[in-house]
Amino acid sequence: MGLRALGIQKGERVAILSENRPEWAMADLATLTAAAVDAPIYSTLTPPQILYILNDSQAKAVFVSNAAQARKVAEIRAQAARMIGDVRYAPGGEALLPLLKDDAARARFFAAEAPGRISYKPAVGPLVEMLEANNERDVFLRHAGSLALARIGDAAAIAKLARHPSCAVRLAALVAL
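Residues numbered from 1 in each chain as written. Predicted model: local features only at pLDDT ≥ 70, side-chain atom pairs only at ≥ 80, totals over all residues. Heavy atoms only, no water.

### A few points about the overall build of the protein
Of the regular secondary structure elements, the protein holds nine helices and three strands. Ordered by position in the sequence, the α and β elements of the protein form the string β-α-β-α-β-α-α-α-α-α-α-α. Along the first, second and third principal axes, the C-alpha set of the protein runs to 55 × 30 × 30 Å. Counting every position in the protein, which comprises 177 residues, the buried fraction comes to 40%. (Helix = DSSP H or I, 4+ residues; strand = E, 2+ residues; numbered from the N terminus. Buried < 20%, exposed > 50% of the residue type's maximum accessible area, 1.4 Å probe, protein only.)

### Some points on the sheet that holds strand β3 (residues 59-64)
Read across the sheet, three strands follow the order β2-β1-β3 without closing on themselves; strand pairing throughout is parallel. The sheet is open, and its two edges are formed by β2 (37-41) and β3, each paired on a single side. Neighbour-to-neighbour, the strand axes of the sheet open up by a mean angle of 25 degrees, direction not taken into account. Of the strand pairs in this sheet, strand β1 (residues 13-17) and β2 are connected by five bridges, and their pairing is parallel. Across the sheet, residue Ala15 finds its bridge partner in β2, namely Ala39. Contacts from helix α1 (residues 22-33) reach β1, β2 and β3, with the element oriented near 150 degrees to β2. (Pairing = 2+ DSSP bridges. Axes fitted to C-alpha atoms, helices over the stretch in contact; angles between N-to-C directions. Contact = heavy atoms within 4.5 Å.)

### Looking at the confidence of the model for the protein
On average, the protein scores 89 in pLDDT, and the residues at 70 or more come to 99%. Mean pLDDT across the elements of the protein ranges from a minimum in helix α4 (residues 93-96), with 84, to a maximum in β2, with 96. (pLDDT = per-residue confidence, 0-100.)

### Here we look at a nonpolar patch on the surface
Nonpolar side chains collect at one region of the surface, where Met83, Val87 and Tyr89 lie side by side and expose about 310 Å² of accessible area between them. Tracing the backbone shows Met83 in helix α3 (residues 67-86). (Patch = residues over 30% accessible without salt bridge, like charges linked within 9 Å, V, L, I, M, F, W, Y side chains within 5 Å. Areas by Shrake-Rupley, 256 points an atom, 1.4 Å probe, with all protein chains shown as cover. Salt bridge = Lys/Arg side-chain N within 4 Å of Asp/Glu carboxyl O.)

### Some points on the packing of α3 against helix α5 (residues 105-117)
Between α3 and α5, the shortest axis-to-axis distance is 8 Å and the interhelical angle comes to 10 degrees. By the criterion of interaxial angle, the relationship of α3 to α5 is roughly parallel. Like other packed secondary-structure pairs, α3 and α5 cross with a definite hand, here left-handed. Where α3 abuts α5, its residues Ala74, Glu75, Arg77, Ala78, Gln79, Ala81, Arg82, Gly85 and Asp86 lie against Arg106, Ala107, Phe110, Ala111, Ala114 and Arg117. (Parallel < 35°, antiparallel > 145°, perpendicular 65-115°, else oblique. Left-handed = near helix turned anticlockwise from the far one by under 90°.)

### A short note on the side chain of Ser166
Along the polypeptide, Ser166 turns up in the loop between α8 (155-161) and α9 (167-176). A distance of 3.3 Å separates a polar side-chain atom of Ser166 from the backbone nitrogen of Ala168. (Polar contact = N/O pair within 3.5 Å; in protein donor to acceptor, adjacent residues only side chain to side chain.)

### Things to note about the pattern of salt bridges
Two side chains bearing opposite charge may form a pair once their charged atoms approach each other closely. Tallied over the entire structure, the rule returns seven salt bridges. Salt-bridge contacts for Arg21 lead to Glu19; the nearest nitrogen and oxygen are separated by 3.6 Å. Residue class for Glu19 comes out partly exposed when judged on its relative accessible area of 26%. Here Arg106 ties to Glu75 by a salt bridge, and the two come within 2.8 Å at their closest N and O atoms. Taken together, the residues Arg106 in helix α5 and Glu75 in helix α3 connect sequence positions 31 residues apart. On the accessibility criterion, Arg106 (42% relative accessible area) is partly exposed. Through salt bridges that share partners, Glu19, Arg21 and Glu23 make up one connected network.

Below, the structure written as C-alpha cells:
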C-alpha cells in the first residue's frame, strides 16, 4: 500500500523519524514518489520535540524506524487525547474515536477518558466496542470507559448497556450508573 492509497496528497508533509539507515532512503523515496515533502526528524529527539516538528511541518503521516521511535509517536497520540479532555476541547471529540482502537494502551486510556470530560455522546458506541474488545484485560481501560459513560450522562443508553451480552460492558454500565 502506497502513501497515496493512505490518503497522502501532493505537497503534503510526511515525517521520517529514523536513524541513518537504508530504510530512511526507502521512506524518502516513497515520499518523493507520492509527490509529498519530507519532514526529517532526528531519532534522538524527545516526544515534545517531535511533536513540535510534527505540528510545525503539518505532517500527515510518520515513518518510524523501530519500536522505540514508534513508542515516542504513541506517547504523542496519548498526550493529544489527554489534552482534548483536559482543556475540554469539544470539537476534538471526533479525533478521539480512532484512538480508542490504538495499539498503545496509554493512548486508548486517555482516548476513553476524554469523551466524558467533553460530554461527547457519539462516543458511546465506540466506547462500548472498546470495552467489549478489552474484555476485562485492562482494568484501567475499563475504569476510563465507565467514567466516560457516567460523565456523558445518557442514563437511558447506560441502562440499556446493563443488559448487553458482554460481561465487560455490563460491568462498565453498572459502574457508570
